[in-house]
Amino acid sequence: MTSTNVTLTVEADSVLGVVGNTGTGRAFCSGADTAILNRIRTASPDESCEGLDELYAGFRRFAALKVPTVAAVNGAAVGAGLNLALAADLRVASTDAVFISGFAPLGMHPGGGHLHLIARAAGASAAAYLGVFGQRMGADQALSAGLVSAVVTGADLRGTVRSMVAHLAADPALARALAADLHRTVHDAGAWDRAVEIERARQMWSLARAPKES
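All of these numbers come straight from a predicted model, not from anything done at the bench.

(A) Expanded view of the environment of Thr-95. Note that Thr-95 resides in the loop between strand S5 (90-94) and strand S6 (98-100). Taking the C-alpha atoms as reference, Thr-95 lies 8.0 Å from Gly-138; in sequence the two are 43 residues apart. Discounting residues that sit within four places of it in the chain, Thr-95 has contacts with Ala-139, Val-151, Val-152, Thr-153 and Gly-154.

Dropping the structure here:
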C-alpha cells in the first residue's frame, strides 16, 4: 500500500486508532530509491525539487497521519529510512536494529529535515554524531540516546508494540485527540518545514556534483 493510500484510509476510517510500520526481511528501510536520486543528479532545478518532494512524500505523509504512529524498527534504518523511523511518534527497536544516516559518507547532504528529525528525537549531539560525522548507532546506543523508547528481541518486537498500542486501538476517538494535541503542542511542524527547505538547497547542490566513489 502506498503512503497516499495509507493516508486516505486513515482519514476515511474513524475506527483506526493507531498506525505502525515495520520492515520485512533484515532491514526496516534501506533508504531512498536510487533511481530517483540518479535522475535528480542531472535534472533541471525544478525537476530536481519535484524529485526530492517525491522522495520526502512517504515519511512526510506518515508523520501527518491523524492517529498516533509507531515505528517497529526490526533492522537497518538508513538515510530516508531513518527519516521514516523518526517521523513516527514512537520508536521501538529490535536488538538487530541499526540507525545509519548514510548521507555524508557518500558525499551527499541529507534532506527531508534529517538533522532536525534526529535532534528532535535525541538532541543536537545525536544529530551531529549520525548526520555530520556519519557514525552508526546500534539499538542499545539508540536507547541510551533517546532515539528509541525500548529495545526487545526480534521475536518480541511485534508483540511489544501491540501491547503498547492496545489502549489506542481500543479507543480511536481518544487516540486521535491525543495525536492532535501531541502534534500541536509538542511537535513543531513549522520547524520541520523550515528544515526541509534549508536542507533541500544543500542536497540539490550535493547531488549535482559528481557522485563520490565508494
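This is not the end of the story, as more comes after the structure.
(B) Representation of the layout of surface pockets. Here the second largest pocket defines a volume of roughly 410 Å³. Forming the boundary of the second largest pocket are 24 residues, of which Thr-34, Leu-37, Phe-103, Leu-106 and Met-108 lie nearest the centre. Elements that contribute at least two residues to the lining of the second largest pocket include exactly helix H2 (34-41), helix H3 (45-63) and helix H4 (80-86). Broken down by element, the lining of the second largest pocket gets its largest block of residues, 4 residues, from H2. Across the lining of the second largest pocket, the residue classes tally to 11 nonpolar, 11 polar and 2 charged.

(C) Local environment of the nonpolar core. Core analysis: the largest hydrophobic core is formed by 42 residues, its most contacted members being Val-73, Phe-99, Ile-118 and Leu-147. By residue number, the principal contributor to this core is H3, which donates 6 residues. Ranked by size, the runner-up nonpolar core spans 11 residues in total, among them Val-70, Leu-157, Val-165 and Leu-168.

(D) Spatial organisation of the sheet that holds strand S8 (residues 150-152). Taking strand neighbours across the sheet as the criterion, the 4 strands line up as S1-S3-S5-S8 in an open arrangement whose pairing is parallel. What marks the edges here is a single partner per strand, and that holds for strand S1 (19-22) and S8. Going across the sheet, the axis of each strand differs from the next one's by a mean of 20°, ignoring polarity. Taken together, the 4 bridges between strand S3 (residues 69-73) and S5 define a ladder with parallel strand orientation. What sits directly across from Ala-72, in S5, is Val-92. Lying on the sheet, helix H8 (residues 154-170) is in contact with S1, S3, S5 and S8; it crosses S5 at an angle near 155°.

(E) Local environment of the pairing of S5. Taken across its 5 residues, S5 has 4 buried, putting it largely inside the fold. Examined bridge by bridge, S5 and S8 share 3 bridges and lie parallel to one another. Across the sheet, Ser-94 pairs through a bridge with Val-152, a residue of S8.

Rules behind the numbers
Residues numbered from 1 in each chain as written. Predicted model: local features only at pLDDT ≥ 70, side-chain atom pairs only at ≥ 80, totals over all residues. Heavy atoms only, no water. Helix = DSSP H or I, 4+ residues; strand = E, 2+ residues; numbered from the N terminus. Contact = heavy atoms within 4.5 Å. 1 Å grid on protein atoms, 1.4 Å probe; cavity = no way out; pocket = protein on both sides within 12 Å on 5 of 7 lines; lining within 4 Å. Points joined across faces, edges and corners; volume = space filled by probe spheres on them. Nonpolar A, V, L, I, M, F, W, Y, C, P; charged D, E, K, R; others polar. Core = buried A, V, L, I, M, F, W, Y, C linked by side-chain atoms within 4.5 Å. Buried < 20%, exposed > 50% of the residue type's maximum accessible area, 1.4 Å probe, protein only. Pairing = 2+ DSSP bridges. Axes fitted to C-alpha atoms, helices over the stretch in contact; angles between N-to-C directions.

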